[in-house]
2 protein chains.
Amino acid sequence: MTSVAAQHDSSGDVRPGAAEGESGRVEFRVSPDRYRHWRVSCDGPVATLTMDVDEQGGLVPGYELKLNSYDLGVDIELYDAVQRLRFEHPEVRTVVITSAKPKIFCAGANIRMLAASAHGWKVNFCKFTNETRNGIEDATANSGQTYLAAVNGTASGGGYELALACEHIMLVDDRSSAVSLPELPLLGVLPGTGGLTRVVDKRHVRRDLADYFSTRPEGIGGKKAVQWRLVDEVVPRPRWEETVTERAADLAGHSSRPGDAAGVPLSPLGKTRDDDTITYSHASARLNRDTGSVEITVRGPQAPPPADMAAAARQGAGFWPLAVTRELDDLILDLRTNAPELGTWVFRTEGDAGQVLAYDDLLLANAGDWFANEVLHYLKRTLRRLDVTSRSLLAVIEPGSCFAGSLLELALAADRSYQLAGVFEDVDPDAEPAAITLGNINFGPLTMSNGLTRLQTRFWGDEASLEAAGKRQGAPLEAEDAAELGLITFAPDDIDWDEEIRIAIEERASFSPDALTGLEANYRFAGPETLETKIFGRLSAWQNWIFNRPSASGPDGALRRFGTGQRAVFDRKRV
Amino acid sequence: MTSVAAQHDSSGDVRPGAAEGESGRVEFRVSPDRYRHWRVSCDGPVATLTMDVDEQGGLVPGYELKLNSYDLGVDIELYDAVQRLRFEHPEVRTVVITSAKPKIFCAGANIRMLAASAHGWKVNFCKFTNETRNGIEDATANSGQTYLAAVNGTASGGGYELALACEHIMLVDDRSSAVSLPELPLLGVLPGTGGLTRVVDKRHVRRDLADYFSTRPEGIGGKKAVQWRLVDEVVPRPRWEETVTERAADLAGHSSRPGDAAGVPLSPLGKTRDDDTITYSHASARLNRDTGSVEITVRGPQAPPPADMAAAARQGAGFWPLAVTRELDDLILDLRTNAPELGTWVFRTEGDAGQVLAYDDLLLANAGDWFANEVLHYLKRTLRRLDVTSRSLLAVIEPGSCFAGSLLELALAADRSYQLAGVFEDVDPDAEPAAITLGNINFGPLTMSNGLTRLQTRFWGDEASLEAAGKRQGAPLEAEDAAELGLITFAPDDIDWDEEIRIAIEERASFSPDALTGLEANYRFAGPETLETKIFGRLSAWQNWIFNRPSASGPDGALRRFGTGQRAVFDRKRV
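What you see is a predicted model, and the numbers here were worked out from it, not measured in a lab.

A. Highlighting the sheet that holds strand β18 (residues 403–404) of chain A. Residue and element names in this part refer to chain A. If you trace the 3 strands from one edge of the open sheet to the other, you get β18-β20-β21, paired in mixed fashion. A strand with exactly one partner marks an edge of an open sheet, and here the two such strands are β18 and β21 (476–478). Alignment of strand β20 (residues 435–437) against β21, held across 3 bridges, turns out to be antiparallel. The residue bridging A435 from the neighbouring strand is E478, located in β21.

B. Molecular detail of the pattern of salt bridges. Residue and element names in this part refer to chain B. As enumerated under the stated definition, the model contains 108 salt bridges over all chains in all. One salt bridge in this structure joins D138 and R381, with 2.9 Å as the shortest N-O distance. With D138 in helix α4 (residues 119–142) and R381 in helix α14 (residues 370–387), this pair connects stretches of sequence that are 243 residues apart. Neither D138 nor R381 differs from the other in exposure class; each is buried. The shortest N-O distance in the salt bridge between K573 and D571 comes to 3.6 Å. Take D571: its relative accessible area is 41%, and that puts it in the partly exposed class.

C. Structural view of the packing of helix α12 (residues 320–338) of chain A against helix α14 (residues 370–387) of chain A. Residue and element names in this part refer to chain A. The geometry of α12 relative to α14 is characterised by a closest axis approach of 10 Å and an angle of 25° between their N-to-C directions. Here α12 is positioned roughly parallel relative to α14, judged by the angle of their axes. Handedness of the crossing formed by α12 with α14: left-handed. Counting all contacts with α12, which are made through P321, L322, T325, R326, L328, D329, I332, L333 and R336, the residues of α14 involved are F371, V375, Y378, L379, T382, R385 and L386.

D. Layout of the interface of chain B and chain A. Counting residues at the interface gives 89 residues for chain B and 89 residues for chain A. Regarding the contact of chain B and chain A, the summed buried area is about 8500 Å², with carbon and sulfur atoms giving 54% of it. On the chain B side of the contact with chain A, R207, Y523 and R574 of chain B bury the most area, a combined 13% of that side's loss. Across the contact surface, chain B and chain A share 20 salt bridges. A salt bridge links R549 of chain A to D514 of chain B; its shortest N-O distance comes to 2.9 Å. Taken together, the connections running from chain B to chain A amount to 70 residue pairs in polar contact (both at pLDDT 80 or more). Elements represented by at least two residues in the side of chain B that touches chain A include exactly α4, α6 (183–187), α7 (195–202), α8 (207–213), α15 (405–413), α19 (494–510), α20 (513–523) and α21 (531–547) of chain B. Looking at the side of chain B that touches chain A residue by residue, the class counts come to 38 nonpolar, 24 polar and 27 charged.

E. Layout of the packing of aromatic side chains. Residue and element names in this part refer to chain A. Under the counting rule described, the total for this entry stands at 30 aromatic pairs over all chains. The interplanar angle of 70° and the centroid separation of 6.0 Å between the aromatic rings of Y212 and W228 together place this pair among those described as edge-to-face. Here Y212 is found in helix α8 (residues 207–213), whereas its partner W228 is found in the loop between α9 (222–227) and β11 (233–236), with 16 residues between them in sequence. Here Y212 and W228 have matching classes, each one buried. Pairwise contacts between aromatic rings join F87, F319, W320, Y359, W370, F371 and Y378 into one cluster. When the ring centre of F547 is taken as origin, the NZ or CZ atom of K122, which lies over that ring, is 5.3 Å away.

F. Highlighting the pairing of strand β2 (residues 46–51) of chain A. Residue and element names in this part refer to chain A. With respect to burial, β2 is a largely interior element, 5 of its 6 residues being buried. Relative to β2, strand β1 (residues 38–43) is paired through 6 bridges, and the arrangement is antiparallel. Its bridge partner being in β2, V40 is matched across the sheet by L49. Here β1 hands over to β2 after 2 residues, with G44 in that stretch at a positive phi of 60°.

G. Up close: the relation of the copies chain B and chain A. Expressed as a screw operation, the relation of chain B to chain A combines 0.0 Å of axial shift with a rotation of 180°, fitting to an RMSD of 0.0 Å. Expressed as an axis order, the relation between the two copies is that of a two-fold axis. By residue overlap, the copies meet face to face through one surface: 100% of the interface positions of chain B are interface positions in chain A.

H. Expanded view of helix α15 (residues 405–413) of chain A. Of all 9 residues in α15 of chain A, 9 are buried, a share of seventy percent or more. Residues G405, S406, L407, L408, E409, L410, A411, L412 and A413 of chain A constitute the buried set of α15 of chain A.

I. View of the side chain of R133 of chain A. All names here are of chain A. Residue position: R133 is located in helix α4 (residues 119–142). Reaching out from R133, the side chain makes a polar contact with the backbone oxygen of T129 at a distance of 2.8 Å. Setting aside chain neighbours within four positions, we find R133 in contact with Y70, D75, L78, E161, L162, A165, T193 and R198.

Rules and cut-offs
- Residues numbered from 1 in each chain as written.
- Chains lettered and ligands numbered in written order.
- Predicted model: local features only at pLDDT ≥ 70, side-chain atom pairs only at ≥ 80, totals over all residues.
- Heavy atoms only, no water.
- Pairing = 2+ DSSP bridges.
- Helix = DSSP H or I, 4+ residues; strand = E, 2+ residues; numbered from the N terminus.
- Salt bridge = Lys/Arg side-chain N within 4 Å of Asp/Glu carboxyl O.
- Buried < 20%, exposed > 50% of the residue type's maximum accessible area, 1.4 Å probe, protein only.
- Axes fitted to C-alpha atoms, helices over the stretch in contact; angles between N-to-C directions.
- Parallel < 35°, antiparallel > 145°, perpendicular 65-115°, else oblique.
- Left-handed = near helix turned anticlockwise from the far one by under 90°.
- Contact = heavy atoms within 4.5 Å.
- Buried area = accessible area lost by both parts, 1.4 Å probe.
- Polar contact = N/O pair within 3.5 Å; in protein donor to acceptor, adjacent residues only side chain to side chain.
- Nonpolar A, V, L, I, M, F, W, Y, C, P; charged D, E, K, R; others polar.
- Phe/Tyr/Trp six-rings, centres within 6.5 Å; stacked < 30°, edge-to-face > 60°.
- Lys NZ or Arg CZ within 6 Å of the ring centre and 35° of its normal.
- Least-squares fit on C-alpha atoms with pLDDT ≥ 70 in both.

Rendered as structure tokens:
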């Protein structure tokens, strides 16, 4: 496959993970004025995202991003662009993804980068790129921003997977452009960004044709690509521009996004960090290397909500639900990438539960408002990011906390929760006892990737408990009640509290990190499966395994040998 | 966890895979008179399967099967017993699984065996044990033979997973017996036989309680085990025997199995083999080590079906649908275990399509008959075994073949199918052209583990094609028609035929075996997920990964260090 083959350069090994100067940390905060790889242009209801990867713009040295191949840095910009289109451009109804390179749409993830990366880096990279593509589908499904892949050259591997995340795929018909998934024949791995799943489960390509397609490095173009459902249409080059314009306009016609609303600028996120702390306006994290844990505190709103969504929009990025979600989102991504050795995240909240619920109610009462809709879906996506994070999640519920409504989801997302029975007698015997509060928001919009709410998943197969919880909406639930209702795991009292929390964290740190990842990936998703859970569960698990095998990543494996002119050496035994 | 800990013995490493004398092959054929580890007793409608593992009876030397721990040999006997109860004992309505060892029900898979096994052996072993447990659930759901776990001592790991496959779990309440999944804390791996999935998805244990449970090596017993839904009831030892008898009788009361039918003895399967061939009455296999493939030929019936199911039962194990299914079942298991390096299986059939359909019709017309029901479900399970087999499956459809009805499922299970357009002009220009025939059986009972037929899975999201196929039932479809209907992949003519088949096999042999396993595991199961697909897709994929990681299987990993007194060494980075 020329496009992938041509990605090869002769530079030496590199271990991504170093970036952003001396700190060696990766930062996920970016803004369009700093993009190196993407151009965003808006023309009324149609925005165009043009991929024009800077070959020399790799996140770390050691590889060249030839032929619109990408690394994490390229995808961080894409994620930012997708987010900004939703919040800053209410007028945009169609987003066209296309390429500025001649004859090439996108060659997928950079192979030299993959070949040289440590296993954990590859897996984390695939997770983030998957989340970004799921976000593209979420914008199409829930935001009235429909994505159109204008594949104006060959799209191979991750390039085709990017197109697969779009609602409509147009391929130029020029006798050379094709779509392909060359990972198996060329690299001995799977397409890692949902390709296999979307081909059969979203586009309904017949399984035997999908099998054949995935073994053809040169891919499939022209009419056969349409017949096999790999793309929606092929268009001759002379009619390309006009047809893309026409389709974009058609798709825009089906959106209910407002034409006259002002966007909400995603102003720079305030963040300070040193080796041991990360601090935002409404969230902070303390990194405990001794115990292998991170203590995360999320603070509720400091003031009552604005009167309506118009006033909320005037608050812009400072609107508490949006602000706290952005901070959480950035924190999850930062810790995942930069602190993989801290295996347990401990969540606390601080603030007024009533205020949290008041903000939730404002959003729910205005779910038809584009901005409220965006905030709710963003919170949903951020919590889903937490669900697929390979860290043990604990929630610790103490007096003064505000695990209510949207913030209660943090406790429901946790693998275990501990709620103090009563108060800390030595600290403040007159404090209000630790409580959690269910809100309306816990019963609807914040679905997990299995399509169920966290409460539905928690009580999967136990309808009575779900109903019993439903009846207690709005009431502060102290530990005994919360435990009785099955909403928390344990309710130690003042005497046992410190010891129990300490043991839980220490014990977690003593277990095999890999086995914990597998355990949590299984327990967090009871019930039905969806495209998303298939990607994160089935597909990613197989890919993790394959990435770990000598056939791919050993010194003679396909990933390492790619481009050397030497054939990979395989152990022929099937497992 | 004492029971698991006590499994430890000090013998050296062993690599299972050698068995059955000099040949080094594993045989799956066994019969009760040769059981070393199980006792079967029948008392009217209640059968009891008593586990009494012979410590010295390991399949290969090098470990002792202490405390009712098991290896593949123990599970081969269990599988045989479950099958025989269905076919040979129509009167049995409840099957009680219990232990002959004092204070111990079953300590799970033998840890020394696992620690010393090659990766492929572990994965194949888990697959077979999973299939056997799925078979237990299938007997309960579809055969009127309800399984009751009489857990009369501690059930840990695979021991509890065996109980989880039963419909009702009774645990003795003696202040020492407990159920546990100690794999994560003790061995750094996951419970590999569906435990995680069944705990949350079948028994609806709350996810946070499941998390806690899976980190407690000592397990949970007594009333808490009931409160958490880990077991259905606990019974004090003094009332144990009478309560088991009572429950078994209760469960038997809900079955529709006949009280007066004669069983069908599963007489010894005729099989001859040498290094390159395996031959049965209706199936044969040629092992081609040069091309890394196996040529499998399945032959249709030699005579018309018997007049009715009574006559069929008189034919016993010789009744063609039962005979050919047993042969296929044994062949799949044999090749999986003994020929892992032969990565492509090529299926052919020979015989009269009309006869195949006539046998299918006899079964379908008598689906209410216990024997017809058993044969249909056995065929279903055997085809499911094929679906989860990590080999590339090709179907080759030539003149004289009988890919019709039940045998057409072999082509529908294949990753690709090739049907000759017309005839071999040089061989027999007057032959009937190669044809396939859809039967009623392709539209119903032979569901895959995703709950759909292979046709529904094939046409997932394409209802029109499924309907179009439905209209052509009973008609021989030549290559062009079959391709047009989407029932086959390719239809080469006489001139291209040999070359195309040869290239397909050679090309498959050139790909990474691991990547093929992942590809096929993803493409074979479009559409919805079930407990079974979750076990084989999500859970097994995670386990494969974990088995491959240094944290488990490295020299300092938990699986290798278990019982040495040394703590395992983990890379703390979460992936």
